[in-house]
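# Inside the fold
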Amino acid sequence: MAYFSMEIGIDEKICTYSGGLGVLAGDTIRSAADLRVPMVALTLLYRKGYFRQRLEPDGWQREEPTSWPFEELLEEGVPRAQVLVEGRTVHLRAWRYNVKGVTGYTVPIYFLDADLPENSEWDRGLTHALYGGDDHYRISQELILGVGGIRMLRTLGYNEIDTYHLNEGHAALITLALLDEEARQAGRESIVQQDVEPVRDRCVFTTHTPVPAGHDKFPLDLARKVIGERDDFFGLEGVLYESHFLNMTYLGLNLSRYVNGVAQKHGEVSRLMFAGYCIDAITNGVHAATWVSAPFRELFDRHIPMWRKDNFSLRSALSIPREEIWNAHMQCKKQLMGLVNRETGAGMDENILTIGFARRAATYKRADLLFRDMERLKRISHETGKIQVIYGGKAHPRDQEGKELIKRIFRAKYELQQDIRVTYLENYNMTLGAMITAGVDLWLNTPEPPMEASGTSGMKAAMNGVPNLSVLDGWWIEGHIEGLTGWSIGDPVRGKGDERDHSRDVPSLYDKLEHAVVPLFYQDRRRFMDIMAYSIAINGSFFNTQRMVQEYVLNAYFNR
C-alpha cells in the first residue's frame, strides 16, 4: 500500500498539517501500523509549516510563519528523485519518519523536499508552505507529490506496490506517473488509452468534502504550462473536465477502481454531486490511543486492558463505575481550565457547564450559531444553569469570510462578558485540540447540512466521555442516539426527504440546551454520567481508525 496525502499530522512538532484532513491521515497511518498493514506514506516537507495564528483584540487573524526543527525529528535520505516542472528538472530528497504500532510494526512516512542547491530559488520553495501561494504554486506542489512521489518510491526500492491510495484529489497526479510507467513497460514513449485500465486497477480514491472550494481544478493552459504539453495525457478520456480544466477530483474518480466518501451521508451526497460514479462510504474515525486523554487512558487500562489493541472493547465502558468516569473527566477539565485562565485570563470556573467548539473557521460550520439570540442565551444561563464557552480554530489565510466569523465570535464574547464567559484560544493545533475535546462538558457542532462530510472532533470528544450536541450531518447521523450518546440540533422536514428547515436550527439549539442538556448537567448528574459512558461505549468503540482501516483493507485495498 502507498498512501499519498497533501498533509499528514503525525506529531505536534511536525508542522505538516492544517486541520482535519492531515490529522485523519496521521491517525490512518497509526492504525495501519497497529494492524500491521503493509503501507508506506508520502507527503511534502513544509519547512514553514501552515501558519501560526495570532488574534488581535477584535479577533482579526494574523498569520505568522512557523518553523520547526525537521532535521532533529526526521531522518534525511540519501537517494534523490527528479520531476519536470514547467520543463525544468526539480531534484527531490525524502526525509523519513517511522510510525510504530502497538506491536512494534513500522509504517514509514516520506516527506518530499525540493529545497536543494541544484534547484532554482522558486523551485526550492515549492515544498516550503502548506496551501500557500496561488494556483500556479498549488499545481506545482501537486505535481511534486504525485509524479515526484512515485519516482521517489521507485528510487527507494518500492517497486511492488499493489495499491495506491489517493487521499483527496491533491494526489491525483499519481495517475500520470503510473500511466507513464505503463507506456514505458510497453516500449512506448507516449500514453495511450489502453494504459488507463491497468492504472485504474491499482488506485483507490477518497473524496473528503462536498464544499466546492475543496475540489482543486486548474485551467488547461496553466496545467499545460506546469505539466508540459503532454497531449497524450490531456487527450485521454476522463482526464480533462469540461474540456478546459484539469479537475483533480474527476481525475481521481475516473482513474480509480474504488472511490469512497467519509461517512454514509457523505457517500450519498457524493453520488449526487458526481452522478454516474460508483462511490462507496467508509466512515472516518480517530486513533483511540492518541486522542484518549491521560486520565481516561489510565481508567481504561484498569477496566478494559485490551482497549488499545481492540478498540471495539471500549463497549465495556458501560461497566465502569460512573464516579470513576466523572473523576477522570474532572482531571481533564481542571487541566483545560488552568490553561484557559493562564492564557486568556477568562476566569473560567470548573464547576460551570463548559461548551466546546473548536475546528477550522469556515462559514458553513456556523461557529456563531450559538449567538444568534443573545437574550435567550443569557436567560438560559441565568435561569436554567450557568454556561461558559471555549472556541478555537484557524481560518484559511485567504478566507476573508472565515476571518470575519472569528471577529463575530469576539464581538459576542464582549457583549456577553457580564453574563457568560466566552474565550477563543489562538493557534489551534493537535495538542490544544486534544485538551479541548477531553476537557469540556459538551461538544457543539453546527454545520449547515450537508456540508460536513464527516467531522472527527466530535469523535475525539466521545472517546473521552464528552457528549455531542450536533446538527444531524456527517458522522453524527450514524453516532447519534437522542438522549443516550448526546443530542441533535434541528430535524429533517417531514415528507420532504433530506431537505431541512435551517431556520429551526437556532431555536432547536436553544431548546436542547434549556430543556435537556443544562438541566441534566446540574439536576441529574448521574444521568449525565450515563450519557458520558454511552458516548465511550457506543461511539468510541466504533468511530475509530482501527475499524476504519479494517474497512479499507476489506473493501478497498485488497478487494478486486
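This is a predicted model, so every value here is computed, not measured. (Residues numbered from 1 in each chain as written. Predicted model: local features only at pLDDT ≥ 70, side-chain atom pairs only at ≥ 80, totals over all residues. Heavy atoms only, no water.)

### Things to note about the overall build of the protein chain
Assigned secondary structure in the protein chain consists of 21 helices and 19 strands. Its C-alpha atoms give the protein chain a radius of gyration of 24 Å, within 12% of the compact-globule value 24 Å for 560 residues. Projected onto its principal axes, the C-alpha coordinates of the protein chain cover approximately 75 × 55 × 50 Å. The 560 residues of the protein chain split such that 62% are buried. Across the protein chain, contacts joining residues at least 24 apart in sequence account for 71% of those joining residues at least 6 apart. Of the roughly 21,100 Å² of accessible surface on the protein chain, 48% is carried by carbon and sulfur atoms. With 65 positive and 75 negative side-chain charges, the protein chain shows a spacing of 3 Å between the two charge centroids. (Helix = DSSP H or I, 4+ residues; strand = E, 2+ residues; numbered from the N terminus. Rg over C-alpha atoms; globule rule 2.2 N^0.38 Å. Buried < 20%, exposed > 50% of the residue type's maximum accessible area, 1.4 Å probe, protein only. Contact = heavy atoms within 4.5 Å. Areas by Shrake-Rupley, 256 points an atom, 1.4 Å probe, with all protein chains shown as cover. Lys, Arg positive; Asp, Glu negative; His and termini not counted. Charge placed at Lys NZ, Arg CZ, Asp CG, Glu CD.)

### A few points about the pairing of strand β6 (residues 88–100)
As paired strands, strand β5 (residues 75–85) and β6 are joined by eight bridges and run antiparallel to one another. Residue pairing for β6: Gln82 is matched across the bridge by His91. Hairpin remark: β5 followed by β6, antiparallel, with two residues in the connecting loop; positive phi at Glu86, about 55°. Two strands pair when backbone bridges link them, and β6 and strand β7 (residues 106–113) are joined in this way by eight bridges, in the antiparallel orientation. Along β7, the bridge assignment pairs Arg93 with Asp113. (Pairing = 2+ DSSP bridges.)

### With respect to the nonpolar core
Of all hydrophobic cores here, the largest spans 73 residues; its most connected members are Phe296, Phe300, Leu370, Phe371, Tyr391 and Leu513. Among the elements that make up this core, the one with the highest residue count is helix α19 (residues 505–523) (eight residues). Ranked by size, the runner-up nonpolar core spans 67 residues in total, among them Tyr110, Leu251, Leu255 and Phe274. (Core = buried A, V, L, I, M, F, W, Y, C linked by side-chain atoms within 4.5 Å.)

### Points about the packing of helix α4 (residues 135–155) against helix α7 (residues 220–227)
Where α4 contacts α7, the two axes come as close as 10 Å, and the packing angle between them is 50°. By the angle between their axes, α4 is oblique relative to α7. α4 and α7 meet at a crossing whose hand is right-handed. For the pair α4 and α7, the contacting residues are Asp135, His136, Ile139, Ser140 and Leu143 in the first and Leu222, Ala223, Lys225, Val226 and Ile227 in the second. (Axes fitted to C-alpha atoms, helices over the stretch in contact; angles between N-to-C directions. Parallel < 35°, antiparallel > 145°, perpendicular 65-115°, else oblique. Left-handed = near helix turned anticlockwise from the far one by under 90°.)

### Here we look at the sheet that holds strand β15 (residues 387–392)
Strands sit in the order β16-β15-β14-β17-β18-β19 across an open sheet of six strands; the sheet is parallel. Edge strands, defined here as strands with exactly one partner in the open sheet, are β16 (421–425) and β19 (486–489). Between one strand axis and the next, the sheet turns by 20° as a mean value, whatever way the strands run. Running over the sheet, helix α15 (residues 400–415) touches β15 and β16 and is turned about 150° from β16.

### Considering unusual backbone geometry
Pro450 follows Pro449 through a cis peptide bond whose omega is 0°. Tracing the chain through its elements places Pro450 in the loop between β17 (442–445) and α17 (457–463). Backbone geometry places Glu168, a non-glycine residue, at a positive phi of 80°. By the secondary structure assignment, Glu168 is in the loop between β8 (164–167) and α5 (174–185). Located in the positive-phi region is Glu242, a residue other than glycine, with phi close to 55°. On the secondary structure map, Glu242 appears in the loop between α8 (231–234) and β11 (245–247).

### Observations concerning the environment of Val199
Positionally, Val199 belongs in helix α6 (residues 196–200). Expressed as a C-alpha distance, the spacing of Val199 and Cys15, which sit 184 residues apart in the sequence, is 32 Å. When residues no more than four places from it in sequence are discounted, the contact partners of Val199 are Thr175, Leu178, Leu179, Glu182 and Leu255.

### Regarding the sheet that holds β7
Pairing within the open sheet is mixed, and its nine strands lie in the order β5-β6-β7-β2-β1-β8-β9-β12-β13. Of all the strands in the sheet, just β5 and β13 (280–281) have a single pairing partner and so form its edges. Pairing of strand β9 (residues 203–206) with strand β12 (residues 258–261) involves three bridges; the strand directions are parallel. Bridging from a neighbouring strand, Val204 pairs with Tyr258 of β12.

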